Amino acid sequence: MHQRVKLFYGPSSGAVRIGPVAAIPALLEEQDVSSDELISQAGIDPAVFDDPENSISFDDTGHLLELCVKRTGIAHFGLLVGQASSLESLGDFGDLARYAPTVGEALQGMILHICTNDRGGVATLSSGHAIAELGYSIYVPVRSGSRQIYNTSLSIINQLLHALCGDTFNIIEVRFTHSRPADIQPYKKMFSAKVVFDADENVIVFDSHWLDKALPGADEAQYEASLAHLTAVESDLHLDLVEQIRAVLRPMIVSQRCSVELVAGLMSMQPRTLNRRLSDRGTTLRALMGQVRYELAMHLLAESRMTLIKISTLLGYSDPSVFSRAFYRWSGSSPSAWRRQNSR
């Protein structure tokens, strides 16, 4: 019997709550692979998987998924991990979705509070011309396994959308930034939609009318209580104020919903109090927003094939030239030149 342990990995390394990836040991055992042995080989205490509220570092998650692929011979292992997820596996994060008024509000709330489950990636939601795109992007470095992390993440998103939208929900298209695998049938079977590889971003595309779908469990009081609880959980992650704000800024920036009023509300304080406390720490919200934009920009330039126009829009710039000037101030180089030197 494993002893239950609580592990936390700080914002520098990123972290993943066990709940969404809890199926890893069972999937390994189904393939006659000793889960304890392989998880230990990845440098992780197998006892961590005994409690869904434990967490493991983001880098270790990628490394473990890569080892799972090698030992089982299942190239799409991450898809299977995500397929086993559910609203229940997301814990308090899933409760927020249950009580939201609509699918769109559920997704926006989850995006803003993603750091309670995932402190290594950021989710994005955009809609227009009757199409919605729900995507995911890693923002911390991982030594290996990024392909499987994206497989897992989009598979989780797939499960989430079907849970919220119901049996009649259909995906239009799924896009992966990684290269086309030798066998694409598991992807087609998983998503029942067109699957594109070597894409600009990792997203699931669906009809935007689903965002307006009313949820049967909608409860305003419970929804507000869930939001307040997740805010409290975030403040309980042993992050100082600056790191807490950086954590919430990532999803807020890419969802185009970033203001001192919104950030202060998430921190349960007045805007004036927020500004004063940041000033006491020698910084400002504007400075932190710039730092987070720079970090996200570097990752997107190095790790994705997104165009500069798309990156600038995602980061909240009205014009690519404004983004280019900002990036030059940060790095001393243009985005294009930086990408040529640092793309992987």
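Structure's up top.
What comes next is a walk through the structure. Just so it is clear, the structure is predicted and the values come from calculations on it, not from any experiment. (Residues numbered from 1 in each chain as written. Predicted model: local features only at pLDDT ≥ 70, side-chain atom pairs only at ≥ 80, totals over all residues. Heavy atoms only, no water.)

Here the focus is unusual backbone geometry. For histidine 129, which is not glycine, the phi dihedral falls at a positive 55 degrees. Note that histidine 129 resides in the loop between β3 (121–128) and β4 (131–138). Among the residues examined, histidine 129 registers a relative accessible area of 83% and is labelled exposed. Positive phi is not limited to glycine here, since serine 192 has a value of about 50 degrees. One can find serine 192 in the loop between α8 (185–191) and β6 (194–196). (Helix = DSSP H or I, 4+ residues; strand = E, 2+ residues; numbered from the N terminus. Buried < 20%, exposed > 50% of the residue type's maximum accessible area, 1.4 Å probe, protein only.)

The end-to-end C-alpha distance of helix α15 (residues 320–331), which contains 12 residues, comes to 16 Å, matching closely the 16 Å that a straight helix rising 1.5 Å per residue would cover. By the burial criterion, the buried members of α15 are Phe323, Ala326 and Phe327. The buried side chains of α15 occupy one side of the element, clustering within an arc of 100 degrees when seen end-on. Across from the buried face of α15, at angles greater than 90 degrees, the exposed residues are Arg325, Tyr328 and Arg329. Taken together, the buried residues of α15 touch α13 (285–303), α14 (308–314) and α16 (335–342). (Expected span 1.5 Å × (residues − 1). Arc of directions from axis to C-beta. Contact = heavy atoms within 4.5 Å.)

Attention shifts here to a positive patch on the surface. A surface patch of like charges, here positive, comprises Arg272, Arg276, Arg277 and Arg281. Relative to the elements of secondary structure, arginine 277 occurs in helix α12 (residues 271–280). Residue class for arginine 277 comes out partly exposed when judged on its relative accessible area of 32%. (Patch = residues over 30% accessible without salt bridge, like charges linked within 9 Å, V, L, I, M, F, W, Y side chains within 5 Å. Areas by Shrake-Rupley, 256 points an atom, 1.4 Å probe, with all protein chains shown as cover. Salt bridge = Lys/Arg side-chain N within 4 Å of Asp/Glu carboxyl O. Lys, Arg positive; Asp, Glu negative; His and termini not counted. Charge placed at Lys NZ, Arg CZ, Asp CG, Glu CD.)

Turning next to the packing of aromatic side chains. Scanning all chains against the criterion turns up 13 aromatic pairs. Considering the side-chain rings of tyrosine 136 and tyrosine 150, the 6.1 Å spacing of their centres and the 75 degrees angle between planes classify their relative orientation as edge-to-face. A residue pair is termed long-range when its members are at least 10 positions apart, and tyrosine 136 in strand β4 and tyrosine 150 in helix α7 (residues 146–165) qualify at 14 residues. Residue classification places tyrosine 136 among the buried residues on the basis of a relative accessible area of 6%. For tyrosine 150, a relative accessible area of 8% translates into the label buried. Seen in terms of ring centroids, phenylalanine 327 and tryptophan 338 are 5.9 Å apart; in terms of plane orientation they differ by 80 degrees. Their pairing is edge-to-face. In this pair, phenylalanine 327 sits in helix α15 while tryptophan 338 sits in helix α16, placing the two residues 11 residues apart along the sequence. Of the two residues, phenylalanine 327 and tryptophan 338, neither departs from the other in class, the shared state being buried. Put simply, the rings of Tyr294, Tyr317, Phe323, Phe327, Trp330 and Trp338 pair up and form one aromatic cluster. (Phe/Tyr/Trp six-rings, centres within 6.5 Å; stacked < 30°, edge-to-face > 60°.)

One finds Ile24, Phe77, Phe191 and Phe206 to be the most contacted residues of the largest nonpolar core, which totals 107 residues. For this core, the leading source of residues is α13, giving 10 residues. Each residue touching phenylalanine 206, except ones within four places of it in the same chain, is listed here: Leu125, Ala130, Ile131, Ala132, Leu134, Leu161, Phe169, Asn170, Ile172 and Leu211. (Core = buried A, V, L, I, M, F, W, Y, C linked by side-chain atoms within 4.5 Å.)

Where helix α10 (residues 241–254) meets α13, the axes come as close as 9 Å, and the angle between the chain directions of the two elements is 60 degrees. Between α10 and α13, the crossing angle belongs to the class labelled oblique. The crossing of α10 and α13 is right-handed. The residues of α13 that touch α10, namely those facing Val242, Ile245, Arg246, Leu249, Arg250, Ile253 and Val254, are Leu285, Leu288, Met289, Gln291, Val292, Arg293, Glu295 and Leu296. When its residues are assigned to classes, the contact of α10 with α13 shows 10 nonpolar, one polar and four charged. (Axes fitted to C-alpha atoms, helices over the stretch in contact; angles between N-to-C directions. Parallel < 35°, antiparallel > 145°, perpendicular 65-115°, else oblique. Left-handed = near helix turned anticlockwise from the far one by under 90°. Nonpolar A, V, L, I, M, F, W, Y, C, P; charged D, E, K, R; others polar.)

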